[in-house]
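Here's the letter readout for the chains.
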Amino acid sequence: MDSLVTDLDFIDNRTPEQASAAACDTKVTQETNTGRARKLYIESYGCQMNFSDSEIVSSIMFKEGFDTTSQIEHADVVFLNTCSIREKAEQTVRNRLGQINYFKKKKPGLVVGVLGCMAERLKKSLLEEEKIVDLVVGPDAYRDLPNLISEVDGGQKAVNVLLSREETYADINPIRLNSNGVSAFVSIMRGCDNMCSFCVVPFTRGRERSRDAHSIVQEVQELVKQGYKEVTLLGQNVDSYKWASEDGTEAVNFAQLLEKVALVHPDLRVRFSTSHPKDITDEVLYTIKKYDNICKYIHLPAQSGNSRVLELMNRTYDRDWYINRVDAIRSILGEDCGISSDMISGFCTETEEEHQDTLSLMDYVQYDYAYMFFYSERPGTLAARKLEDDIPLETKKRRLAEIIDRQREHSLIRNQMVLGQVHKVLVENFSKKSDEFLSGRNDQNKVVIFPKKHYKKGDYVNVLVNDCSVGTLFGEAVD
Ligand code: SAM
Ligand code: SF4
């Protein structure tokens, strides 16, 4: 089956600024055209977890008689799968609802649903605040969609925002909604128990729970049969993955899960996100080292380089601990291993000196890549309740610009480091600028562009890297 989700912002030639913006990508469904009676259009915002959830939602709706469409004007039902992580993400959705009103006026029977984190955060009040919304569904309630849709069909508004301690959608076989037919997301856990003080996720996605390891391996085996070449295991904190069978005879931690997935097929690339600095173990690092097909790339968000700020953020590690984990990555996996981060500028009470600590941590690690944000207070979080959001917006933005500038320097240095090397690239698409060039990623998750020759999507190609920009490597295929 063709892919059902289109990436509107294909990550090609990204600079760190673009990457920062792309942390809030949008994806829309594509046409399925299997002759089902009604059409569903989903727009997904925010993190990879949401894109993966939209695949589950599409799968549930497909069984209920909905094809998906890429054209909102052809839709009978429109879902926005939303993100609450920053105020701007919510504002984007509200603006989009304003635009969708135009379609609803032309087609009054159009059903409009808000799904995901914003639904969970605002619950029923969303129905009052946004009159065009018919349906509000939290991330643990997607199985209930058929009932909710029939309530709406019967002329009512419908809400289900119940969070669950068990739901992992393990038995739902996602219609594969990936954008390129080469790489797929596999959700291995849901929720988060970490309570970082700035973060709304524990409130919108509920308690952490790990998915049955057998169902994960099975899903990956299915993907391999369908020709997929890469999986990304997803969770807010993959290192705390922990599953045990009900009879207590089996227990699987993240390192063991990684190994099981790597063993599914030697040609399947395995990625994972996100690692938490407090939980990433040497056992995980040695497992990455042991298997060629586990990518040497770790997304290890620091958030800040200052121990006092990290404590206020309730990250439960300090600067030294973080540096120790980076040192472990370097000593076990070597200088080549890609490391990326998330950084927040202008958190409550952050001083100029503390901001300088973030820059100096960046100098120490030399990240390949980073998602960078200024602090946005979120209602209900620990920080909103206990700390004053006292850094002026201009200061937050200026510090963010400094962080982005520093990251540009480091991305360029890290890219220059590989000039003259041959890298194995998994081809994902044509380059955005020309169909004569292909675009893929290397082990370290860097985008590599090279002339197409006879190669095609899904091929592994050895590419000699001969040029680079801040966001991209360029090269020539070598046989
Ligand atoms: N679970 C991941 C972790 O702990 O690293 C990250 C999840 S969150 C969806 C992605 C990133 O958004 C965070 O790492 C953080 O940098 C950023 N973020 C979260 N809350 C934020 C806020 N209130 N203001 C600005 N950035 C925020
Ligand atoms: Fe949010 Fe922290 Fe959980 Fe990441 S680990 S989702 S930042 S609470």
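As the structure is a prediction and not an experimental result, all values here were calculated from the model.

### Notes on the overall build of the protein
Summing up its helical and strand segments, the protein has 15 helices and 23 strands in all. Taking 479 residues into account, the globule formula puts the C-alpha radius of gyration at 23 Å, and the protein, at 22 Å, falls close to it. With the principal axes as the frame, the protein shows a C-alpha extent of 60 × 55 × 55 Å. Out of the 479 residues belonging to the protein, those deemed buried represent 59%. For the protein, the proportion of contacts with a sequence separation of at least 24, taken over those separated by at least 6, is 72%. Carbon together with sulfur atoms contributes 49% to the accessible area of the protein, which is approximately 19400 Å² in total. Put simply, the protein has 61 plus and 74 minus side-chain charges, and the middle of one group is 3 Å from the middle of the other.

### Overview of the pairing of strand S21 (residues 447-451)
It is a general feature of regular strands that their side chains alternate between the two faces of the sheet. Within S21, 4 of the 5 residues are buried, which leaves the element mostly enclosed by the surrounding structure. The pairing of strand S20 (residues 437-441) with S21 spans 5 bridges and is antiparallel. From the neighbouring strand, Ser439 faces S21, where its bridge partner is Ile449. In terms of strand pairing, S21 meets strand S23 (residues 472-477) through 3 bridges, oriented parallel. Residue pairing in the sheet places Val447 in a bridge with Thr472 of S23.

### Description of the site of ligand 2
Neighbouring ligand 2 are Cys192, Asn194, Met195, Cys196, Phe198, Cys199, Val201, Pro202, Gln236, His276 and Arg315. In the shell around ligand 2, the residues fall into 7 nonpolar, 3 polar and 1 charged.

### Overview of the site of ligand 1
Near ligand 1, the surroundings consist of 15 residues, among which Gln236, Pro301, Gln303, Asp342 and Ser376 are the closest. Against a free-state accessible area of 560 Å², the protein chains account for coverage of 91% of ligand 1. Looking at the shell around ligand 1, the elements with two or more residues in it are strand S17 (338-345) and strand S18 (369-374). In terms of residue class, the shell around ligand 1 is built from 7 nonpolar, 4 polar and 4 charged.

### Considering the packing of aromatic side chains
Under the defined criterion, the tally for this structure stands at 7 aromatic pairs. Here the aromatic rings of Phe254 and Phe272 are separated by 5.5 Å at their centres, their planes lie at 70°, and the arrangement is edge-to-face. Placement of the pair is Phe254 in helix H9 (residues 254-262) and Phe272 in strand S15 (residues 269-273), with a sequence separation of 18 residues. Both residues of the pair, Phe254 and Phe272, belong to the buried class.

### Considerations on the packing of H9 against helix H10 (residues 282-290)
Two elements in contact, H9 and H10, have axes separated by 8 Å at closest approach and are oriented at 15°. If you check the angle between H9 and H10, you find them roughly parallel. Like other packed secondary-structure pairs, H9 and H10 cross with a definite hand, here right-handed. Contact with H9, carried on its side by Phe254, Ala255, Gln256, Leu258 and Glu259, involves Glu283, Val284, Thr287, Ile288 and Lys290 of H10 and no other residues of that element. Looking at the contact of H9 with H10, its residues break down into 5 nonpolar, 2 polar and 3 charged.

### What about the pattern of salt bridges?
What the rule picks out here adds up to 35 salt bridges. Among the salt bridges present, the one from Asp193 reaches Arg207, with a minimum N-O distance of 2.9 Å. With Asp193 in the loop between strand S10 (189-190) and helix H7 (201-205) and Arg207 in the loop between H7 and strand S11 (209-210), this residue pair connects regions lying 14 residues apart in the sequence. Between Lys446 and Asp368 there is a salt bridge, with the nearest N and O atoms lying 2.7 Å from each other. With a gap of 78 residues between them, Lys446 in the loop between S20 and S21 and Asp368 in the loop between helix H13 (352-365) and S18 connect regions that are remote in the sequence. According to the relative accessible area criterion, Lys446 is buried, its value standing at 10%. In this structure, a network of salt bridges that share partners links the residues Asp53, Asp140, Arg190, Arg205 and Arg209.

### Describing the environment of Ser345
The residue Ser345 is located in strand S17 in this model. As for Ser345 and Asp144, which are separated by 201 residues in sequence, their C-alpha atoms are 39 Å apart. With sequence-adjacent residues up to four places away left out, Ser345 is seen in contact with Glu350, Phe373, Phe374, Tyr375, Lys396, Arg399, Leu400 and Ile403.

### Quick notes on the sheet that holds S21
Taken together, the 5 strands give a closed barrel; going around it, the order is S19-S20-S21-S23-S22, and neighbouring strands pair in mixed fashion. For this sheet the average axis-to-axis angle between neighbouring strands, irrespective of direction, equals 55°. Examined bridge by bridge, strand S22 (residues 460-468) and S23 share 5 bridges and lie antiparallel to one another. Paired with Leu464 across the bridge in S23 is Glu476.

### Some remarks on the packing of helix H2 (residues 48-63) against helix H6 (residues 145-153)
Where H2 meets H6, the axes come as close as 10 Å, and the angle between the chain directions of the two elements is 65°. Considering how the two elements wind past one another, H2 and H6 form a crossing that is right-handed. Contacts between H2 and H6 involve Val57, Ile60 and Met61 from the first element and Leu145, Pro146 and Ile149 from the second. Considering only residue class, the contact of H2 with H6 consists of 6 nonpolar, no polar and no charged.

### Thoughts on the side chain of Arg325
Within the secondary structure layout, Arg325 lies in helix H12 (residues 319-333). Ignoring sequence-local partners within four residues, the contact set of Arg325 consists of Pro277, Ile280, Thr281, Asp282, Leu285 and Leu300.

### With respect to H12
In this model H12 runs 21 Å from its N-terminal to its C-terminal C-alpha over 15 residues, within 8% of the 21 Å that 1.5 Å per residue would give. Structurally, H12 contributes buried residues whose contacts are with H10, strand S16 (297-299), helix H11 (307-312), S17, H13 and helix H15 (393-416). Note on H12: the residue one or two positions beyond its end, Gly334, has a positive phi of about 90°.

### Section: the confidence of the model for the protein
Scored by pLDDT, the protein comes out at a mean of 92, with 94% of its residues at no less than 70. For the stretch residues 1-24, pLDDT sits under 50, and the model shows 79 contacts to residues farther than four places along the chain or on other chains.

Conventions and cut-offs
Residues numbered from 1 in each chain as written. Chains lettered and ligands numbered in written order. Predicted model: local features only at pLDDT ≥ 70, side-chain atom pairs only at ≥ 80, totals over all residues. Heavy atoms only, no water. Helix = DSSP H or I, 4+ residues; strand = E, 2+ residues; numbered from the N terminus. Rg over C-alpha atoms; globule rule 2.2 N^0.38 Å. Buried < 20%, exposed > 50% of the residue type's maximum accessible area, 1.4 Å probe, protein only. Contact = heavy atoms within 4.5 Å. Areas by Shrake-Rupley, 256 points an atom, 1.4 Å probe, with all protein chains shown as cover. Lys, Arg positive; Asp, Glu negative; His and termini not counted. Charge placed at Lys NZ, Arg CZ, Asp CG, Glu CD. Pairing = 2+ DSSP bridges. Near = heavy atom within 4 Å. Nonpolar A, V, L, I, M, F, W, Y, C, P; charged D, E, K, R; others polar. Phe/Tyr/Trp six-rings, centres within 6.5 Å; stacked < 30°, edge-to-face > 60°. Axes fitted to C-alpha atoms, helices over the stretch in contact; angles between N-to-C directions. Parallel < 35°, antiparallel > 145°, perpendicular 65-115°, else oblique. Left-handed = near helix turned anticlockwise from the far one by under 90°. Salt bridge = Lys/Arg side-chain N within 4 Å of Asp/Glu carboxyl O. Expected span 1.5 Å × (residues − 1). pLDDT = per-residue confidence, 0-100.

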